[in-house]
Amino acid sequence: AEVWAHLGVAMQSLDDIAAAIESYCQAVRMDPSLHVCFANLATLYMYLEDFQKAEEHISKALELEPQNDAYLEIKASMRQRSSRVKQ
């Protein structure tokens, strides 16, 4: 699972969003405790303006790490962006 997570980071750094998403999804299928992968998926889906999937993934990250300030900031930023897009 960690290899998939690292591949996701590599693909994300290369701006290959589709490959990064697939890698992170593989990682969390193998190890659903990888909260950072859920947070990275949320960030990627937010970038793609798929706020429903972004919300789903950041919620999973926060279930695993409820006091994580970075995840709470992602959630707040996502809600702010989502409301701007809807206007």
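Residues numbered from 1 in each chain as written. Predicted model: local features only at pLDDT ≥ 70, side-chain atom pairs only at ≥ 80, totals over all residues. Heavy atoms only, no water.

### Let's talk about the pattern of salt bridges
Okay, so step 1: A complete count under the given rule lists 4 salt bridges for this structure.
Okay, so step 2: The partner of Lys-75 in a salt bridge is Glu-55, and the shortest N-O contact between them spans 3.1 Å. Here Lys-75, found in helix α5 (residues 69–86), pairs with Glu-55, found in helix α4 (residues 51–64); they are 20 residues apart in sequence, far enough to count as distant.
Okay, so step 3: By relative accessible area, which is 24% here, Glu-55 ends up partly exposed.
Okay, so step 4: With a shortest N-O distance of 3.6 Å, Glu-55 and Arg-79 are connected by a salt bridge. Separated by 24 residues along the polypeptide, Glu-55 in helix α4 and Arg-79 in helix α5 bring together distant segments of the chain.
Okay, so step 5: Salt bridges linked by common partners bring Glu-55, Lys-75 and Arg-79 together as one network. (Salt bridge = Lys/Arg side-chain N within 4 Å of Asp/Glu carboxyl O. Helix = DSSP H or I, 4+ residues; strand = E, 2+ residues; numbered from the N terminus. Buried < 20%, exposed > 50% of the residue type's maximum accessible area, 1.4 Å probe, protein only.)

### A look at the confidence of the model for the protein chain
Okay, so step 1: Scored by pLDDT, the protein chain has a mean of 95; 98% of the residues are at 70 or more.
Okay, so step 2: Looking across the protein chain, the model is least confident in α5, with a mean pLDDT of 87, and most confident in helix α2 (residues 17–30), with 98. (pLDDT = per-residue confidence, 0-100.)

### Focus on the side chain of His-57
Okay, so step 1: Within the fold, His-57 resides in helix α4.
Okay, so step 2: Once you skip the residues sitting within four places of it in the chain, His-57 turns out to touch Phe-38, Leu-41, Ala-42 and Tyr-45. (Contact = heavy atoms within 4.5 Å.)

### Let's talk about the packing of helix α3 (residues 35–47) against α4
Okay, so step 1: Viewed as axis vectors pointing N to C, α3 and α4 meet at an angle of 160°, and their least axial separation amounts to 8 Å. Relative to α4, the element α3 lies roughly antiparallel. Crossing geometry of α3 relative to α4 is assigned as left-handed. Contact with α3, carried on its side by His-35, Phe-38, Ala-39, Leu-41, Ala-42, Tyr-45 and Met-46, involves Phe-51, Lys-53, Ala-54, His-57, Ile-58, Lys-60, Ala-61 and Leu-64 of α4 and no other residues of that element.
Okay, so step 2: Classifying every residue of the contact of α3 with α4 gives 11 nonpolar, 2 polar and 2 charged. (Axes fitted to C-alpha atoms, helices over the stretch in contact; angles between N-to-C directions. Parallel < 35°, antiparallel > 145°, perpendicular 65-115°, else oblique. Left-handed = near helix turned anticlockwise from the far one by under 90°. Nonpolar A, V, L, I, M, F, W, Y, C, P; charged D, E, K, R; others polar.)

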